[in-house]
Amino acid sequence: MAETLAVINCSQLVTVAGARHPRTGGDLRQLAIIEDGALLVRGEHLEAVGRRREIESLITSDCEVVDAGKRVVVPGFVDAHTHPVFAGIRANEFEQRASGATYREIAARGGGIRTTVRATRNASLNDLVKIGKRYADWFLRTGTTTIEAKSGYGLTLEDELKILRAIRQLNEETALRYVPTFLGAHDVPAEYQSRRQTYINLIINEMLPRVAEEKLAEYCDVFCEKGVFTSDETWQILSAARCHGLGLRVHADQLSLSGGAKLAGELNCVTADHLEHTDATGIAALKAAKVQPVLLPGSVYALGSNQYPAARQMIDAGLAVVLATDFNPGSSPTPSMPMILSLACSQMKMTPAEAITASTINAAYSLGRGDEIGSLEKGKRADFVIHDASDYRELAYFFGIEHSWRVYASGKLVQNRLR
Ligand code: NIG
Ligand code: FE
């Protein structure tokens, strides 16, 4: 018999229960909160979710009972866009940006992504796993239980495989759940600068087949941007990825309006990410093809820009918006979803409820896991967080602190704050 666990005395049990599809429009604000709620876990899954009295009637003598102390309980965050496996940091470039240099200027002189590529190529699989475990702990501490994890700092066959294997090992050896994405098209490596098509052919003919054969990724992503990969090149790579059975995601319109959103629509991508410069035509293309926009305000903030994506227009257009951290050593060095919620509300004028939906159930759907995670409903994985707050809006309102008090992944306590 699987072990049982009951959590009682929650001020608000934020279930995000509802229709079994990504939420749009007014539904983004429906969190299906149960006041004085409680839940019952059996093994790795939720057995019952309801009012305290209902759940208490199901508690047997062998059941562990956790008193939430009138705190709020929410689903574990699902962070649908991260770059969590890399060696080295870029605090020096951060300092240069503080002194006036731009992200593009730093990249143009061989820094940026290429700095991290050099360090990551020099690291072993074991080094990457060790470094990655530290970041896994950061994600869990802030209340995230699932992340999408991109490769993209290797840019050779062996180094990309090394990163994807590190992601697989991290998934097995930490409490954090990783959904792997192949991003061999994160940049054209320096040695292929004058032979771009040769590198694209390498991705298509060597990297993608190996990644698919070894089942190292579920998705493929491309950085479609002026000076990185053109729309035509992005098309070539993503079409090949689709033939290998991978789902498609794309970094689109981040630094300029490069037509990435339009392309995402034409290619039927699952998501189009960033979208800081996307216009009404791009939004209409996403809507027509049901592409989910993944908004990453952490990178806008950390790059010192004020060009946030047009979240309100996207919501008004009926898009199933997702929020994510974009955790990476360059443009967004934060693993914290509460920080992203704060930015979403203060800078993009999303409501706290919309932000919660965008970072739980909608994010889960964008990773093909909407039936398994992202809300607290009978039969789903018991991924939930007791935050040290009595109202869910505090998660976006108080910023710069860690809210989580107890974090559970698949029914197991994985972070426990001693206070
Ligand atoms: O999503 N846009 C491209 N990739 C990352 C940045 C990676 C880096 O600077 O290391 C992003 O912002
Ligand atoms: Fe990114």
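Residues numbered from 1 in each chain as written. Chains lettered and ligands numbered in written order. Predicted model: local features only at pLDDT ≥ 70, side-chain atom pairs only at ≥ 80, totals over all residues. Heavy atoms only, no water.

Novice: Sorry, what's going on with the site of ligand 1 here?
Specialist: Around ligand 1, a shell composed of 15 residues is seen, among which Arg90, Tyr103, Tyr153, Gln254 and Ser331 lie nearest. One of the side-chain N or O atoms of Arg90 is found 2.8 Å from an oxygen atom in ligand 1. For ligand 1, whose free accessible area comes to 330 Å², the fraction covered by protein is 100%. With respect to the detected pockets, ligand 1 is housed in the largest cavity. Per-class residue counts for the shell around ligand 1 are four nonpolar, nine polar and two charged. (Near = heavy atom within 4 Å. Polar contact = N/O pair within 3.5 Å; in protein donor to acceptor, adjacent residues only side chain to side chain. Areas by Shrake-Rupley, 256 points an atom, 1.4 Å probe, with all protein chains shown as cover. 1 Å grid on protein atoms, 1.4 Å probe; cavity = no way out; pocket = protein on both sides within 12 Å on 5 of 7 lines; lining within 4 Å. Sits in = over half its atoms within 2 Å of the grid points. Nonpolar A, V, L, I, M, F, W, Y, C, P; charged D, E, K, R; others polar.)

Novice: Looking at this model, I keep getting lost on helix 13 (residues 337–348). Mind explaining?
Specialist: An α-helical turn contains 3.6 residues, so any two residues separated by three or four positions project in the same direction. Within helix 13, ten of the twelve residues are buried, leaving the element largely enclosed by the surrounding structure. The opening residue of helix 13, the one whose side-chain oxygen lies 3.1 Å from the backbone nitrogen of Met339, is Ser336. Of the residues flanking the end of helix 13, it is Lys349, one or two places downstream, whose phi is positive at about 60°. (Buried < 20%, exposed > 50% of the residue type's maximum accessible area, 1.4 Å probe, protein only. Helix = DSSP H or I, 4+ residues; strand = E, 2+ residues; numbered from the N terminus.)

Novice: I would appreciate a short explanation of the packing of helix 5 (residues 125–141) against helix 6 (residues 157–173) in the present structure.
Specialist: Relative orientation and spacing of two packed helices are given, respectively, by the angle between their axes and the distance between those axes. Close contact between helix 5 and helix 6 brings their axes to 9 Å; oriented N to C, the two are set at 50°. The angle between the axes of helix 5 and helix 6 places the two elements in the oblique class. At the point where helix 5 passes helix 6, the crossing takes the right-handed sense. Every residue of helix 6 that contacts helix 5 at Leu125, Leu128, Val129, Gly132 and Lys133 is listed here: Lys162, Ile163, Arg165, Ala166, Gln169, Leu170 and Glu173. (Axes fitted to C-alpha atoms, helices over the stretch in contact; angles between N-to-C directions. Parallel < 35°, antiparallel > 145°, perpendicular 65-115°, else oblique. Left-handed = near helix turned anticlockwise from the far one by under 90°. Contact = heavy atoms within 4.5 Å.)

Novice: What exactly am I supposed to notice about a nonpolar patch on the surface here?
Specialist: A contiguous nonpolar surface patch, about 350 Å² in accessible area, is contributed by Tyr397, Phe398 and Ile401. Within the secondary structure, Tyr397 sits in helix 16 (residues 394–397). (Patch = residues over 30% accessible without salt bridge, like charges linked within 9 Å, V, L, I, M, F, W, Y side chains within 5 Å. Salt bridge = Lys/Arg side-chain N within 4 Å of Asp/Glu carboxyl O.)

Novice: What exactly am I supposed to notice about the sheet that holds strand 13 (residues 384–387) here?
Specialist: Sheet strands associate in pairs through backbone hydrogen bonding, adopting either a parallel or an antiparallel arrangement. Taken in spatial order, the seven strands make up an open sheet running 3-2-1-4-13-14-15, and their pairing is mixed. Of all strands in the sheet, those with a lone pairing partner are strand 3 (45–51) and strand 15 (412–416), marking the two edges. Averaged over all adjacent pairs, the angle separating strand axes in this sheet is 35°, with direction ignored. Pairing geometry for strand 1 (residues 4–14) and strand 2 (residues 33–42), over eight bridges, is antiparallel. Paired with Gln12 across the two strands is Glu35, which belongs to strand 2. Contacting strand 14 (404–409) and strand 15, helix 5 runs over the sheet at an angle of about 95° to strand 15. (Pairing = 2+ DSSP bridges.)

Novice: Even after reading the chapter, I still don't get the pairing of strand 3, so can you show me in this structure?
Specialist: Both faces of the sheet carry side chains from a regular strand, because those side chains alternate between them. As defined by bridge partners, strand 2 adjoins strand 3 across six bridges and the pair is classed as antiparallel. Across the sheet, Ala38 pairs through a bridge with Gly50, a residue of strand 3. Once strand 2 ends, the chain turns through two residues before running back antiparallel as strand 3, passing Gly43 with a positive phi of about 65°.

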